[in-house]
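So you can see what is in the structure, the chains are spelled out below.
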Amino acid sequence: MTPVAASWLPLSPGERSVAIEVLLGGPLSRTELARRLDLSAGSLTRLTKPLIESGLLVEVPEAGTSAETRQGRPSQPLDVVAESRSFIGFKITDDMVYGVVTTLRSEIVARYDRPLTTHDPAEVVDLLGEMTDELTRGHPRLAGIGIGVGGLVEDRAVVGESPFLHWSDVPLAELVEERTGLPVVVENDVAALVEAETWFGAGRGLDRFVVLTIGAGIGYGLVLGGKRVPYAEEDRGFGRHWIVNPDGPLTPDGERGSAVSLLTIPNIRYQVQAATGRDRTYEEILELAAAGEAMPARVIDEAARALGTLVAQIANFVLPQKILLAGEGVGLMDVAGKTVTETIRSLRHPLAEPVDLETKVSDFHDWARGAAVLAIQVLVLGAADA
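Computed from a predicted model, the values in this text were never measured in an experiment.

Colleague: Please clarify how the overall build of the chain should be interpreted in this entry.
Modeller: If you tally the helices and strands in the chain, you get 12 helices and 15 strands. The C-alpha atoms of the chain give a radius of gyration of 23 Å, which matches the 21 Å a tight globule of 386 residues would have. Expressed as a percentage of the 386 residues in the chain, the buried residues total 52%. When contacts within the chain are restricted to residue pairs at least 6 apart in sequence, those whose partners lie at least 24 apart make up 61%. With the model as given, the accessible surface of the chain reaches about 17,400 Å², and the carbon-plus-sulfur share is 50%. A gap of 6 Å separates the mean positions of the 35 positive and 54 negative side-chain charges of the chain.

Colleague: Looking at this structure, how should I read the packing of helix α1 (residues 13-25) against helix α2 (residues 30-37)?
Modeller: Two quantities define a packed helix pair, namely the angle between the axes and the distance from one axis to the other. With their axes 11 Å apart at the nearest point, α1 and α2 run at an angle of 120° to one another. When the axes of α1 and α2 are compared, the crossing they make is right-handed. Residues Ser 17, Val 18, Glu 21, Val 22 and Gly 25 of α1 touch α2, and the partners they reach there are Leu 33, Arg 36 and Leu 37. Broken down by class, the residue content of the contact of α1 with α2 amounts to 4 nonpolar, 2 polar and 2 charged.

Colleague: Would you explain the sheet that holds strand β6 (residues 142-149) in this entry?
Modeller: Hydrogen bonds between backbone groups are what pair the strands of a sheet, and the pairing can be parallel or antiparallel. Pairing is mixed in the open sheet, where 5 strands are placed in the order β5-β4-β3-β6-β10. Both outer strands of the open sheet, β5 (108-115) and β10 (184-188), are each paired with one neighbouring strand and no more. Neighbouring strand axes in the sheet, compared pairwise and without regard to direction, differ in orientation by 20° on average. Taken together, the 5 bridges between β6 and β10 define a ladder with parallel strand orientation. Bridged to Gly 146 within β10 is Val 185. Sitting on the sheet, helix α6 (residues 189-200) touches β3 (86-92), β6 and β10, and the angle it makes with β10 is about 105°.

Colleague: Would you take a moment to explain the pairing of strand β8 (residues 158-162) for this structure?
Modeller: In summary, the side chains of a regular strand alternate between the two faces of the sheet. The pairing of strand β7 (residues 152-154) with β8 spans 3 bridges and is antiparallel. Pairing of Glu 154 across the sheet is with Val 158, part of β8. Counted along the chain from β8 to the antiparallel partner strand β9 (residues 167-170), the turn is 4 residues long, and its residue His 166 has a positive phi close to 60°.

Colleague: Teacher, can you tell me more about the environment of Thr 343 here?
Modeller: As for its placement among the helices and strands, Thr 343 is situated in helix α11 (residues 332-346). Along the sequence, Thr 343 and Glu 353 sit 10 residues apart, while their C-alpha atoms lie 15 Å from each other. Those residues in contact with Thr 343 that lie beyond four places of it in its chain are Arg 305, Gly 308 and Thr 309. For Thr 343, the side chain forms a polar contact with the main-chain oxygen of Thr 339, separated by 2.8 Å.

Colleague: I'm lost on the confidence of the model for the chain in this one. Help?
Modeller: Reading predicted coordinates in detail is not appropriate for stretches of low pLDDT. For the chain, the mean per-residue pLDDT works out to 88, and 91% of the residues sit at or above 70. Of the regions scoring below 50 in pLDDT, residues 1-6 engages in 15 contacts with residues more than four places distant in sequence or in other chains.

Colleague: What should I look at first to understand unusual backbone geometry in this one?
Modeller: Glycine aside, the phi torsion of most residues is negative, and most peptide linkages are trans. Of note, the amide linkage connecting Gly 26 to Pro 27 takes the cis form, showing an omega dihedral of 0°. As for its position among the elements, Pro 27 is in the loop between α1 and α2. Here the phi dihedral of Ser 106 falls at roughly 70°; this positive angle occurs in a residue that is not glycine. With phi around 55°, Asp 169 is a residue other than glycine that occupies positive phi space. Considering the arrangement of structural elements, one finds Asp 169 in strand β9. Classification of Asp 169 as exposed rests on a relative accessible area of 51%.

Colleague: I would appreciate a short explanation of the pattern of salt bridges in the present structure.
Modeller: Opposite charge on two side chains permits pairing when their charged atoms draw close. What the rule picks out here adds up to 20 salt bridges. The partner of Glu 59 in a salt bridge is Arg 30, with the nearest N and O atoms 2.8 Å apart. Taken together, the residues span a long stretch of sequence, with Glu 59 in strand β1 (residues 57-59) and Arg 30 in helix α2 at a distance of 29 residues. You can call Glu 59 partly exposed: its relative accessible area is 36%. Residue class for Arg 30 comes out buried when judged on its relative accessible area of 19%. Here Lys 360 ties to Glu 197 by a salt bridge, and the two come within 2.3 Å at their closest N and O atoms. Of this pair, Lys 360 sits in the loop between β15 (357-359) and α12 (364-380) while Glu 197 sits in helix α6, and the two are 163 residues apart along the sequence. Because the salt bridges share partners, they merge into one network encompassing Glu 21, Glu 32, Arg 35 and Arg 36.

The rules behind the values
- Residues numbered from 1 in each chain as written.
- Predicted model: local features only at pLDDT ≥ 70, side-chain atom pairs only at ≥ 80, totals over all residues.
- Heavy atoms only, no water.
- Helix = DSSP H or I, 4+ residues; strand = E, 2+ residues; numbered from the N terminus.
- Rg over C-alpha atoms; globule rule 2.2 N^0.38 Å.
- Buried < 20%, exposed > 50% of the residue type's maximum accessible area, 1.4 Å probe, protein only.
- Contact = heavy atoms within 4.5 Å.
- Areas by Shrake-Rupley, 256 points an atom, 1.4 Å probe, with all protein chains shown as cover.
- Lys, Arg positive; Asp, Glu negative; His and termini not counted.
- Charge placed at Lys NZ, Arg CZ, Asp CG, Glu CD.
- Axes fitted to C-alpha atoms, helices over the stretch in contact; angles between N-to-C directions.
- Left-handed = near helix turned anticlockwise from the far one by under 90°.
- Nonpolar A, V, L, I, M, F, W, Y, C, P; charged D, E, K, R; others polar.
- Pairing = 2+ DSSP bridges.
- Polar contact = N/O pair within 3.5 Å; in protein donor to acceptor, adjacent residues only side chain to side chain.
- pLDDT = per-residue confidence, 0-100.
- Salt bridge = Lys/Arg side-chain N within 4 Å of Asp/Glu carboxyl O.

Spelled out as structure tokens, the structure:
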């Protein structure tokens, strides 16, 4: 089935501003929309007309009214047609590809996953193409694809370096576009997650917002003025040199006592195996720690103190309105959340505002959703600097 391109492209800067404002805040009355964007009524009408005609925006009834009760011709609020286009998001791990289809407002309407048995770029592209073919059958109005990868991504197109996939300078966007016929945007997976949470999640409407992820690695994203702050070393080992306990353990990955050495799942498993001689899963270690078994409990307690220290340091320097903790390692909070909270409090000024720490229990489909949000931002709305 041939994918259907977005009919409203390209948007002018003014149309883009209107579309994004309604997408994030709608439904909005024309009066409120004009106020937010500092536009005259005439300018707003000029900008919204093509968006309505193209099917991106729609007039909706005011809350509490119906066709029978409305009289005259009131100014009806504007909203986006969320189902007007669909978007694919892929999250690539070292052994799986997680796929989702979302609406224009990033609601997940389908999930489809496949095991990744090779890291050969050509075969990975073929797998992404097969998954796209399958997803297209059920959702023909696809506007684009977003792909999240752990590693350094250049120009939202080329995977410059990925330690998990052992890739270097792979033009992933170009290769997937050739295979699928759809426009593609590629981004670091943590950056994509941050964008999704900023636009549609925990950071929506916040000026200063932080995302901290714990799992196979440590991820960090900073939002200032409502926009994600990119940085050159993005996912090139964040946390390996962030020392949270100088006397902490020396592990295969990360400096002694670093956030990576203390908090990542591989290093937590390494510490327990080195001490007990038994290889256990992360979930097993958490269960044993909760049951009071000495060595797992000690490792998890150290990890909790490290997390509390890291959160306190971020809060002390960034002064965020909220910190979102996400990733496959957040089960730590269920077992040792009290230790995390006590550590944060001990390292903050007594008069400091409490840290708004939100824990997001999620799976890799949320990361795939983040990649789809990048497709919405860049491919549809043209928000290249989002």
